[in-house]
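If you want the building blocks of each chain, they are given just below.
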Amino acid sequence: EDQVTQSPEALRLQEGESSSLNCSYTVSGLRGLFWYRQDPGKGPEFLFTLYSAGEEKEKERLKATLTKKESFLHITAPKPEDSATYLCAVQAGGGADGLTFGKGTHLIIQP
Amino acid sequence: EAGVAQSPRYKIIEKRQSVAFWCNPISGHATLYWYQQILGQGPKLLIQFQNNGVVDDSQLPKDRFSAERLKGVDSTLKIQPAKLEDSAVYLCASSLLRASEAFFGQGTRLTVV
């Protein structure tokens, strides 16, 4: 059974204080690892897809990296508008394409 | 480009009643998903459609949940009869290709009392 574990569950940072969120996974044949951002009362918003170990992707203050067992979402000099829940999900090999999500990391950036 | 549309945004029903949710995916997206998100959890896949065919419904509680996508565009998800544990946000998502990133709607928040 595919599993995704995210840590920490919650993280409070000061504006400008960089940090990393962790996503560890077990999956039968990883096809893709996805990061989403979710604001309260809204659906998840797509951020990145990573396909193979060693791959990195960046968007503004966010950088996602992937190893064979985990992914990190690095947040550099965050701003209050980066406050949200960040969800990690895996897409496994096989006939179906749905994602298995972790519980998310609730990030709060204080001004 | 218009996003994934869902309605209603909120619904409150009594247990044992029935309810239906509607989703209109992004134009041209052949793949459509329904997810259930319980408070404090990540979304959980219920069903995946490719055009109007079911690809995966292994996690759909088929004794009470049903879904259809008759013309390969809009989709409806129905619960009959509802239980208290069905209280959750029901999210619809669509993707251009089967393995590509999915884009989510705002969801329908269901409360069963």
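Caption draft 1: Summary view of the overall build of chain A. Regarding its fold elements, chain A presents zero helices and eleven strands. Going from N to C terminus, chain A has its helices and strands arranged as β-β-β-β-β-β-β-β-β-β-β. Computed over its C-alpha atoms, the radius of gyration of chain A comes to 14 Å, within 12% of the 13 Å expected for a compact globule of 111 residues. Its C-alpha atoms give chain A principal-axis dimensions of about 45 × 30 × 20 Å. Nonlocal contacts in chain A, meaning residues at least 24 apart in sequence, comprise 55% of its contacts between residues at least 6 apart. Accessible surface, chain A as shown: approximately 5300 Å² in total, 48% of it carbon and sulfur. Positive and negative side-chain charges in chain A, numbering 12 and 15 respectively, have mean positions lying 1 Å apart.

Caption draft 2: Examining the state of the cysteines more closely. All told, the structure shown has two disulfides over all chains when counted by the stated rule. One disulfide in the model links A:Cys23 with A:Cys88; its S-S distance is 1.9 Å. Disulfide A:Cys23-A:Cys88: the torsion about the S-S bond is -60°, which places it as left-handed. Taken together, the residues A:Cys23 in strand β3 (residues 19–26) and A:Cys88 in strand β9 (residues 84–92) connect sequence positions 65 residues apart. Summarising the burial analysis for this pair, A:Cys23 and A:Cys88 share the class buried. A sulfur-sulfur separation of 1.9 Å characterises the disulfide bridge that pairs B:Cys23 with B:Cys92. Judged by the sign of its S-S torsion, about -65°, the cystine formed by B:Cys23 and B:Cys92 is left-handed. One end of the pair, B:Cys23, is in strand β3 (residues 19–24); the other, B:Cys92, is in strand β9 (residues 88–95), and 69 residues separate them in sequence.

Caption draft 3: Quick peek at the pairing of strand β8 (residues 75–79) of chain B. Residue and element names in this part refer to chain B. Only one face of β8 is buried: it carries Ser75, Leu77 and Ile79, and the other face, with Thr76 and Lys78, is open. Two strands pair when backbone bridges link them, and β3 and β8 are joined in this way by five bridges, in the antiparallel orientation. Bridging from a neighbouring strand, Val19 pairs with Ile79 of β8. As judged from the four bridges shared by strand β7 (residues 65–68) and β8, these two strands associate in the antiparallel manner. By the bridge assignment, Glu68 is partnered in β8 with Thr76.

Caption draft 4: Representation of the sheet that holds strand β1 (residues 5–7) of chain B. Residue and element names in this part refer to chain B. Ordered in space as β1-β3-β8-β7, the four strands form an open sheet in which the pairing is antiparallel. Across the chains shown, the open sheet's two edge strands, defined by having one partner strand only, are β1 and β7. Ignoring which end each strand starts from, the neighbouring axes of this sheet average 15° apart.

Calculation rules
- Residues numbered from 1 in each chain as written.
- Chains lettered and ligands numbered in written order.
- Predicted model: local features only at pLDDT ≥ 70, side-chain atom pairs only at ≥ 80, totals over all residues.
- Heavy atoms only, no water.
- Helix = DSSP H or I, 4+ residues; strand = E, 2+ residues; numbered from the N terminus.
- Rg over C-alpha atoms; globule rule 2.2 N^0.38 Å.
- Contact = heavy atoms within 4.5 Å.
- Areas by Shrake-Rupley, 256 points an atom, 1.4 Å probe, with all protein chains shown as cover.
- Lys, Arg positive; Asp, Glu negative; His and termini not counted.
- Charge placed at Lys NZ, Arg CZ, Asp CG, Glu CD.
- Disulfide = S-S within 2.5 Å.
- Buried < 20%, exposed > 50% of the residue type's maximum accessible area, 1.4 Å probe, protein only.
- Pairing = 2+ DSSP bridges.
- Axes fitted to C-alpha atoms, helices over the stretch in contact; angles between N-to-C directions.

Function-wise, these values are silent; they only describe arrangement.
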